[in-house]
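Reading the structure
What follows is the residue order along each chain.
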Amino acid sequence: MTRILSQTRIERPPEVVFAYVTAPGHWPEWHPSSLGVRGTLTSLEVGQEVIEAFQVAGRRGEVVWRCTLRQAPYNWVIEGQIVGRKMGGVISYTLRLQAGGTHFLREFRYPRPNLWFALLDPLILRPRVRAESEEALRRLKKRLEDGVPSHVG
C-alpha cells in the first residue's frame, strides 16, 4: 500500500472543518482531483455512498466512496472502489483542536496491484498524487479561512 499524508492548520473550529470536508458536494470546490459527485452531497454518515468523478495523476475515472467511520468532529474514513477495476483506496481525516483552530490530517492509502504499478508508483504516480493532495489542502485552508459560513454541511 502507498500512503500519502498531508496536513495543515485551519483557523476554523473542528466542527466547521469536519462538516465541510465530509460533505462530497464541497469536494470539487477544494480538491483538484475531484471533477464532480453524484449521490448524497451532505456530510456522509456510516454506510452512505457517493460516486465521484476524478482525475488523479492524469488518469480519469469514477469511484464509489462508502463511509466506514464517523466520529464527528474528529475522525472520518471512506473506502473507495474504482468503477470497472478491482483497485480502490482509503481516505482518512483526523481533526484536532489546536489553539482555537484545527489541525487537519488527510491520509490517502491505495494498493499497488501488480509489479508494473509498483514500479511506476514511486517514480511517477506517488509524486503526482502527493502534489495534488498538498494543493488540495492549500485550497481547503484558503476556502475555509476566507469565509465559508459556520453552518456548512
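The model shown is predicted, which means the values in this text are computed figures rather than measured ones. (Residues numbered from 1 in each chain as written. Predicted model: local features only at pLDDT ≥ 70, side-chain atom pairs only at ≥ 80, totals over all residues. Heavy atoms only, no water.)

Topic: the overall build of the chain
If you tally the helices and strands in the chain, you get three helices and seven strands. When the helices and strands of the chain are placed in sequence order, the string is β-α-α-β-β-β-β-β-β-α. What you see for the chain is a C-alpha radius of gyration of 15 Å, in line with the 15 Å of a compact globule of 153 residues. Taken along the three principal axes of its C-alpha coordinates, the chain extends 45 × 30 × 25 Å. For the chain, long-range pairs separated by at least 24 residues make up 49% of all intrachain contacts whose partners lie at least 6 apart in sequence. As presented, the chain carries roughly 7800 Å² of accessible surface, and 55% of it is formed by carbon and sulfur atoms. Between the mean site of the 22 positive side-chain charges and the mean site of the 15 negative ones, the chain shows a separation of 5 Å. (Helix = DSSP H or I, 4+ residues; strand = E, 2+ residues; numbered from the N terminus. Rg over C-alpha atoms; globule rule 2.2 N^0.38 Å. Contact = heavy atoms within 4.5 Å. Areas by Shrake-Rupley, 256 points an atom, 1.4 Å probe, with all protein chains shown as cover. Lys, Arg positive; Asp, Glu negative; His and termini not counted. Charge placed at Lys NZ, Arg CZ, Asp CG, Glu CD.)

Focus: helix 3 (residues 115-145)
With 31 residues, helix 3 extends 42 Å from end C-alpha to end C-alpha; this agrees with the ideal 45 Å at 1.5 Å per step. Its maximal kink placed at Asp-121, helix 3 deviates by approximately 70 degrees, while the proline Pro-122 follows within four residues. Phe-117, Asp-121, Leu-125, Val-129, Glu-132, Ser-133, Ala-136, Leu-137, Leu-140 and Leu-144 are the residues of helix 3 that are buried. Those residues of helix 3 that are buried lie in contact with strand 1 (2-10), helix 1 (14-21), helix 2 (27-30), strand 3 (49-56) and strand 7 (101-110). Directly after helix 3, the chain includes Gly-147, whose backbone phi takes a positive value near 120 degrees. (Expected span 1.5 Å × (residues − 1). Bend = angle between axes of the 7 residues up to and from the residue. Buried < 20%, exposed > 50% of the residue type's maximum accessible area, 1.4 Å probe, protein only.)

Digging into the packing of aromatic side chains
Tallied over the entire structure, the rule returns four aromatic pairs. Between the aromatic rings of Trp-27 and Trp-76, the centroid separation amounts to 6.4 Å while the plane-to-plane angle is 65 degrees, which identifies the pairing as edge-to-face. In this pair, Trp-27 is assigned in helix 2 and Trp-76 in strand 5 (residues 75-82), connecting sequence segments 49 residues apart. Neither residue differs from the other here; Trp-27 and Trp-76 are each classed as buried. Each ring, one from Tyr-93 and one from Phe-104, has its centre 5.1 Å from the other, and the planes form 55 degrees; the classification is tilted. (Phe/Tyr/Trp six-rings, centres within 6.5 Å; stacked < 30°, edge-to-face > 60°.)

By themselves, these observations are geometric and do not establish any function.
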